[in-house]
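# Results of the structural survey
Take a look at the letters that make up each chain.
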Amino acid sequence: MPEQPYEPEGAIAGTGMGGAMDLGASEAVTLEGAPGGREGTGAQGKPRSLWSDAWRDLRRNPVFILSGLVILFLVFISLWPSAIASGSPLQCDLAKAQDGPGPGAPFGYDGQGCNVYTRTVYGARTSVTVGVLATLGVAVLGSVLGGLAGYFTGIWDSLLSRVTDVFFAIPVVLGGLVLLSVVTSNTVWPVIGFMVLLGWPQISRIARGSVITAKQNDYVQAARALGASDSRILLRHIAPNAVAPVIVVATIALGTYIALEATLSYLGVGLKPPSVSWGIDISAASPYIRNAPHALLWPSGALAVTVLAFIMLGDAVRDALDPKLR
């Protein structure tokens, strides 16, 4: 059968719906070679990944930008609190107890005569430190245990499921009252350890489900057929494609851990004086709420804004990483 000559004037392109449409030569070439002209390709004609699409969406999301700016500010004052607050948060003057705002103390003084502004700024360091370290510990431990259970299944999966059920049955605040009440250390590590101990089951469940879904994909089956080891399959093929849900849950949980630290410190079993914490300040200011409401308002407001910022960030990340929401 003789080869049909190519006619630039009447190039045919499929419509994707069982039909065809006539295109001129220049239009056909433009459709083929235009940047981003094919679905799922970027500016250079390369396939776009989930992460590149997510970052593009996040940059256009005002919620992500606003929450990101708040979190960057919190990180800045946590690392360098003296940049915006002078003096020591432990320096108090009983002669100024419950005084209102004044020079050098825009938030006033608490019941012990401490500068509320300085203590609020320095309190961010404790909250961010506890939240970040607890989240990292929970994410690492939960991801490893849940990932192994979802990949190998069998007796390991059954055992981990029963253990997580036990931890889920423990009320968080009650568990903190029981476990931390016997701890005499005045550092953040017992609080972080308690949060990791009770927080990993949630991440473990998420990681297990993601790994079970990812290991059924064709590229995992192909890697196994080519003789790839279990460790290579887990690290190179499954983990990068199963980590997105873990990141979303961990980001939202970070704000929850900050609120939990403040709650435990308020109840007297978390951090204790002379540590500087928003929970400690809220607890100390509660008896003076009528005479000095400013001492309660500012640390409470800082705590609320911080938790809200991390929850908003987690929601924005979830919307960007979930293909069903696109």
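To start, this report covers the structure provided alongside it. Counting from 1, residues in each chain are numbered in the order their sequence is written. Residues qualify for local features only when their pLDDT is at least 70, as the model is predicted, and side-chain atom pairs are given and counted only at 80 or more; totals for whole chains, interfaces and linings, by contrast, use all residues. Computation of side-chain values: all heavy atoms of the structure, hydrogens and water removed.

Turning our eyes to something else, we now look at the pattern of salt bridges. Salt-bridge detection follows one rule: a side-chain nitrogen of Lys or Arg within 4 Å of a carboxyl oxygen of Asp or Glu. Inspection of every chain in the model, using the stated rule, returns 7 salt bridges. Ionic pairing is found between Asp281 and Arg119, a salt bridge with its closest N-O pair at 2.8 Å. On the criterion of sequence distance, the pair formed by Asp281 in helix H11 (residues 278-285) and Arg119 in helix H4 (residues 116-152) is long-range, its members being 162 residues apart. Residues Asp281 and Arg119 agree in their burial class; the two are buried. Taking the shortest distance from any N to any O, the salt bridge between Arg208 and Asp157 comes out at 2.7 Å. With Arg208 in helix H7 (residues 189-214) and Asp157 in helix H5 (residues 154-168), the pair connects residues that are 51 residues apart, well separated along the chain. Summary of the burial criterion: residues with accessible area below 20% of their type's maximum are buried, those above 50% are exposed, and those between are partly exposed, where the area comes from a 1.4 Å probe applied to protein chains only. Its relative accessible area of 26% is what places Arg208 among the partly exposed residues. For Asp157, a relative accessible area of 10% corresponds to the buried category. Helix numbers and strand numbers start at the N terminus; a helix is a DSSP run of H or I with at least 4 residues, a strand a run of E with at least 2.

On to unusual backbone geometry. Between Pro273 and the following residue, Pro274, the backbone shows a cis peptide bond with an omega angle of 10°. Topologically, Pro274 is positioned in the loop between helix H10 (244-267) and H11. Backbone geometry at Gln98 places phi at a positive 65°, although glycine is not the residue there. Within the secondary structure layout, Gln98 lies in the loop between helix H3 (62-79) and H4. In the Ramachandran plot, Thr153 falls in the positive-phi region, its phi being about 50° despite a non-glycine side chain.

Another point: the environment of Gly175. Residue position: Gly175 is located in helix H6 (residues 172-180). Taking the C-alpha atoms as reference points, Gly175 and Leu198, separated by 23 residues in sequence, lie 8.5 Å from one another. By definition, residues are in contact when any of their heavy atoms lie within 4.5 Å. Apart from residues lying up to four places away in sequence, Gly175 is in contact with Ile170, Leu180 and Phe194.

The subject of this paragraph is a nonpolar patch on the surface. Residues form patches when they are more than 30% accessible in relative terms and have no salt bridge. Like charges link within 9 Å. Nonpolar side chains (Val, Leu, Ile, Met, Phe, Trp, Tyr) link within 5 Å. Accessible surface area values rest on a Shrake-Rupley calculation with a 1.4 Å probe, where residue burial reflects the displayed protein chains alone. On the surface, a nonpolar cluster with roughly 720 Å² of combined accessible area is contributed by Val172, Val173, Leu174, Leu177, Val178, Leu179, Leu197, Tyr266 and Leu267. Elements supplying a minimum of two residues to the nonpolar patch: H6 and H10. It is H6 that provides the largest number of residues to the nonpolar patch, a total of 6 residues. Along the chain, Leu177 turns up in helix H6. Using a relative accessible area of 32% as the deciding quantity, one classes Leu177 as partly exposed.

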